[in-house]
Each structure stands twice: as C-alpha cells, then as structure tokens.
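Each chain, letter by letter, is given below.
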Amino acid sequence: MFTLPSMNLGMDTRTTRALDTEAVHAGRDDLAGRGLHAPPIDLSTTYPSYDSRGEADRIDAFATTGAEPDGPPVYGRLGNPTVARFETALARLEGTEAAVAFASGMAALSAVLLARGATGLRHVVAVRPLYGCSDHLLTAGLLGSEVTWTDPAGVADALRPDTGLVLVESPANPTLAEIDLRAVAHACGSVPLLVDNTFATPVLQRPAEHGARLVLHSATKYLGGHGDVLAGVVACDEEFAGRLRQVRFATGGVLHPLAGYLLLRGLSTLPVRVRAASASAAELARRLAADPRVARVHYPAVGGAMVSFEVHGDPHEVIAGVRLITPAVSLGSVDSLIQHPASISHRIVDADDRRNAGVSDRLLRLSVGLEDVGDLWADLDGALGERAGATDRPGALARG
C-alpha cells in the first residue's frame, strides 16, 4: 500500500553532489525506497482527512508562516507532491533553501512584488534591460509598485526607506548585458536582490552564491527545455518561500502537476542541453561577428545559448528568410528560435526607454537549440541575404 510522500523531499544538505548529479537525482531521492523509478504524477485537487481538528491546526499553521504542512497534502492550491519534487530539485541546483513554483514566470514575479508590497515596501529599484513584460509590470504600477530605474552603479543611491526589492537580469533580455552580481548585492544592503537567471540557468551561474536572496526563472524556457510547458519559479530562503506560498494560495497562481512533472524531467537533461547549445551559440557568435552584413554581436562572457546581433539591413527580412530556425517568441527550447525584440518581446516598453537600454530597432535575438551548428549557420547565411549590399567591415563582438 502506497502512502503519499511528504511535501518536503529535500535530501540531507550535509551531502554534497555535483550539479550534473543533482540535476538527475534531486527531488527523486525517495523513489527507490518507495519501489518507484519514475516520479509519480499526483493530479488530485483535494485530499481526504478524517481529523478535521488536526486539519484546521495545519491550515492555521500555514496561514501563520507559509511553511509546508507536515503529513499529507491538504488542497491543490496549497501545494502538490509532484510540484514539490520540482521545487526541491530547483532549490538544490540553485543552492537555496527552498523554491516556490507558479503558473508562469510573470506569476512568479507578481508574487514577489505582492509579498513585498504587503509589508508596505512597494518601491522597486531596477536595472534595464529586463524582459519586456517585467519592465511593463513595474512601469505601469499594475500591482501598486513604484519603480526607480538606474544603472548598476546607481543602485545604492536609488534606495529609499520604502524600497522592498532590487531587480536585475543578467545576462539581460535581449542585449545579454551582464552585471557584477556580487557588487550589486553589496550595494543593496538589507534590501533583497532578485536576479532573473532565466538565460544563464544554474548550469552557468548561481546568483545566490553572489548574494542574491531571490532567483527568478521563467521555467518555460531552459528548465522545461522543450517548448511544451508554462511555468515560473523563485528560488530563495525558507522565510521568503513561506510568504510566496501564502501569496500563491491567496491568488491561485499555482503550477499544474503535469507541468511540475515535465519540469522535473527537463531538469535531468538541463546541464547537457545548456552546454551543447552554448557551444553552438559561441560558434555562431564568432561567425556572425566576422560577417560584414552584421553590425554588432552580443554574446555574454558567462556563455549560454543566447546570441543577439544587429544587422546593417532590414531585420524583418532576416526573420522572413529563415527556414530551419523558427521565427517565434520565447527561447530555451531544443530547437532554435529567432525574434525581433523591438516588435515583439519589448514592444510594450516605451521606444525611448527601449533604445536607451540598448535594444535597437535592428537587433535580433537568437535562441540556439540542439541542431547541427553548420545547418544553423547555413540558414542564417541565407536569411541575411546577399553579401554585396553589406559594408566591408565585419561586425563587432560585444561581451558582458
């Protein structure tokens, strides 16, 4: 007879394992003892309890601290065992005490803003560029937040008594600009630093090791890795995780168990996928930088599978000209995707703000997948058009 697993699936933190091993085993450490190999999918929305007094006590305890209830689950909006496995695994990969999953990356960021705003700390200090919808969420004040935009050097001066959060993205979407996370964390003082780590993933960068209290992922991207799941997650300490669970319970931005299962499966191949795609991206960045049809190439020093480049010609013609690469929003899938940020992902950002952040109208963002790099280059070469109309000078490769 099987019993439901505890929602706390973390392994003994005294044991140190390599990231590649954690990617395969974290969140699954109890399976062999249960006679299982693949993680089960628990699709229940509610769970029986014949001890109503005890159930009430557990719900009261959650309302007080946001800690995961001991014993079997209570209700799908409060938590789910399959999702908990993914949260445990992601926390292990990021090196944090906990992680809290949501229905999307924007739901995850919204929960952070709501958690800080609930304490009266509604002011946010942020560094551009950010993902366009993150930028819009802050600028529009949709959740009652007020934002001060600054550069990394100006973070300390931008802080106020009511500052509840400092938000950065590194490498940034879509310019791939990088930030000295340790320096920014120091400048934050006691204000929590949130780092959007979607592009780097814990394979290339673990912001918590540099002083970030919160690490955000659009798990739709590399963590899922196959373009078939929407999700977001925040890796953090247990105290902040409790607040996020309370917001998730109140607002209902929960992750579906099947999505949690797909994400856990995606994590098992994350290091292999990121490293393989990164090798191809670095080679494509090199070739693009040497091409006279390309004005500038952006590729981060930390590496990764994202390349951005500015063309001398019409970027929309490049989008229309690809045949192997898919012109589509999003990123981080096993297949390569390309898009024009000024028209799509960052169209919602004011044009002057967008350009001041380095998002030019000729910039293209390429998410490199697992195809053969020669085939990808042949597709880009054809889409870039005739070389005769290009300048004689090759593009510049910008790192960091």
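In this text the structure is predicted, and so the values were computed from the model without any measurement.

What about the pairing of strand S3 (residues 146–150)?
Piece 1. When strand S2 (residues 123–127) meets S3, the two strands line up parallel, connected through five bridges. The residue bridging Val 124 from the neighbouring strand is Val 147, located in S3.

Some remarks on the confidence of the model for the protein
In regions of low pLDDT, the predicted coordinates are not meant to be interpreted in detail.
Piece 1. Chain-level pLDDT for the protein is 93 on average; 93% of the residues reach the 70-or-more range.
Piece 2. Here residues 1–7 is modelled with pLDDT under 50, and outside its nearest four sequence neighbours on either side it reaches 17 contacts, counting other chains as well.
Piece 3. This stretch, residues 10–14, has a pLDDT under 50; its non-local contacts, to residues over four places away or in other chains, come to six contacts.

Observations concerning the nonpolar core
Piece 1. Counting 34 residues, the largest nonpolar core has Phe 86 and Leu 223 as its most contacted members.
Piece 2. Secondary structure elements with two or more residues in this core: helix H1 (19–25), helix H3 (81–94), strand S1 (98–102), strand S7 (232–236), helix H10 (257–268) and helix H11 (270–289).
Piece 3. When residues of this core are assigned to their parent elements, the largest contribution, six residues, is made by H3.
Piece 4. Those residues in contact with Leu 223 that sit more than four places away from it in its chain are Phe 86, Leu 90, His 217, Val 233, Leu 263, Gly 266, Leu 267, Leu 270 and Arg 273.
Piece 5. Ala 111, Leu 130, Ala 241 and Val 247 belong to the second-largest nonpolar core, a separate cluster that totals 26 residues.

Notes on unusual backbone geometry
Piece 1. Cis geometry is found at the peptide bond from Arg 128 to Pro 129, where omega equals 0°.
Piece 2. Between Asn 173 and Pro 174 the backbone carries a cis peptide bond, its omega angle lying at 5°.
Piece 3. Positionally, Pro 174 belongs in the loop between strand S4 (163–169) and helix H7 (181–188).
Piece 4. Here the phi dihedral of Thr 201 falls at roughly 65°; this positive angle occurs in a residue that is not glycine.
Piece 5. Mapping Thr 201 onto the fold places it in helix H8 (residues 201–204).
Piece 6. With a phi angle near 75°, Ser 330 is a residue other than glycine that sits in the positive phi range.
Piece 7. Tracing the sequence through the fold places Ser 330 in the loop between strand S10 (326–327) and strand S11 (337–339).

Reading the values: rules and limits
Sequence order sets the numbering: in each chain, residues are counted from 1 along the sequence as written. Totals for whole chains, interfaces and linings use all residues, but because this is a predicted model, local features are given only for residues with pLDDT of at least 70 and pairs of side-chain atoms are given and counted only at 80 or more. Side-chain calculation: all heavy atoms of the structure are included, whereas hydrogens and water are not. For two strands to be treated as a pair, DSSP must find no fewer than two bridges joining them. Secondary structure elements are defined from DSSP: runs of H or I of at least 4 residues count as helices, runs of E of at least 2 residues count as strands, and each element is numbered from the N terminus. The pLDDT score gives, residue by residue, the confidence of the prediction method on a 0 to 100 scale. It only takes one pair of heavy atoms within 4.5 Å for two residues to be counted as in contact. In these notes, a set of buried Ala, Val, Leu, Ile, Met, Phe, Trp, Tyr and Cys residues joined through side-chain atoms within 4.5 Å is what counts as a nonpolar core. Each residue is assigned to one of three classes by its accessible area relative to the maximum for its type, calculated with a 1.4 Å probe on protein chains only: buried under 20%, partly exposed between the two thresholds, exposed over 50%.

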